[in-house]
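# Working through the structure, step by step
Listed below, chain by chain, are the residues.
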Amino acid sequence: MRERREAGDPMEPEPERFAVTSAPGPRPGVVVLSLTGELDHDTADTLRSALREWSRAERILVDCQGLGFCDSTGLNVLLQARLHALETGGRLELAGLRPPVARMFEITGARTVFRVHDNVADALTDQRAGG
């Protein structure tokens, strides 16, 4: 049970609404970006920065398993990053779309644009080229 806070006690930091963590893939040129939280207008710059940092990767795998929400701004960031990857000879793929996020991708037609994997493990064993 949580203790009651007394006046003057320091506030605990509020948990982040959105975070991106990166990890190298199983071979050079592959990176996995794991998203957690809510991707929207207020948090999209965090993802945009991470994608810019890894823009020279041959393959960017975006793990959406921890993503609970994505609005049109987040979707546009992913679509723009996919186009940039294709222009530079790379690819951007998605993995682990949860129902609320998957539905938005289906409704907008974006699901047909991305290669989508059930999970990161399946994605990393799929060596087919393309985007």
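This write-up is about the structure you can find in this document. (Residues numbered from 1 in each chain as written. Predicted model: local features only at pLDDT ≥ 70, side-chain atom pairs only at ≥ 80, totals over all residues. Heavy atoms only, no water.)

Along helix H1 (residues 44-53), the positions that sit buried rather than exposed are Ala-44, Leu-47, Ala-50 and Leu-51. Seen along its axis, H1 keeps its buried residues to an arc of 130 degrees; they face one direction. Residues Asp-45, Arg-52 and Glu-53 are exposed on H1 and point more than 90 degrees away from its buried face. Those residues of H1 hidden inside the fold are in contact with strand E1 (18-24), strand E2 (30-39), strand E3 (59-70), helix H2 (72-87) and strand E4 (91-95). (Buried < 20%, exposed > 50% of the residue type's maximum accessible area, 1.4 Å probe, protein only. Helix = DSSP H or I, 4+ residues; strand = E, 2+ residues; numbered from the N terminus. Arc of directions from axis to C-beta. Contact = heavy atoms within 4.5 Å.)

This brings us to the environment of Ile-60. Position of Ile-60 among the secondary structure elements: in strand E3. Take Ile-60: its relative accessible area is 5%, and that puts it in the buried class. With 27 residues separating them in the primary sequence, Ile-60 and Leu-33 have C-alpha atoms 7.2 Å apart. Aside from chain neighbours lying at most four places away, what touches Ile-60 is Val-31, Leu-33, Leu-51, Trp-54, Arg-91, Leu-92 and Glu-93.

The next point concerns the sheet that holds E3. Spatial strand order, E1-E2-E3-E4-E5: five strands in an open sheet with mixed pairing. Of all strands in the sheet, those with a lone pairing partner are E1 and strand E5 (116-117), marking the two edges. Inspection of the sheet shows E2 paired to E3 by nine bridges, in the parallel sense. The partner of Leu-39 across the bridge, within E3, is Cys-70. In this fold H2 packs onto E2, E3 and E4, with an angle of close to 140 degrees to the strand it touches most, E4. (Pairing = 2+ DSSP bridges. Axes fitted to C-alpha atoms, helices over the stretch in contact; angles between N-to-C directions.)

With 16 residues, H2 extends 22 Å from end C-alpha to end C-alpha; this agrees with the ideal 22 Å at 1.5 Å per step. Turning to H2, its buried residues are Gly-74, Leu-75, Val-77, Leu-78, Ala-81, Arg-82 and Ala-85. Looking straight down H2, one finds that the buried residues subtend no more than 155 degrees of arc, so they occupy a single side. Of the residues in H2, the exposed ones pointing more than 90 degrees away from the buried face are Gln-80 and Glu-87. Those residues of H2 hidden inside the fold are in contact with E2, H1, E3, E4 and helix H3 (99-108). N-capping of H2 is provided by Asp-71, with a side-chain oxygen placed 2.9 Å from the backbone N of Thr-73. Following H2 by one or two positions, Gly-89 has its phi on the positive side, about 85 degrees. (Expected span 1.5 Å × (residues − 1). Polar contact = N/O pair within 3.5 Å; in protein donor to acceptor, adjacent residues only side chain to side chain.)

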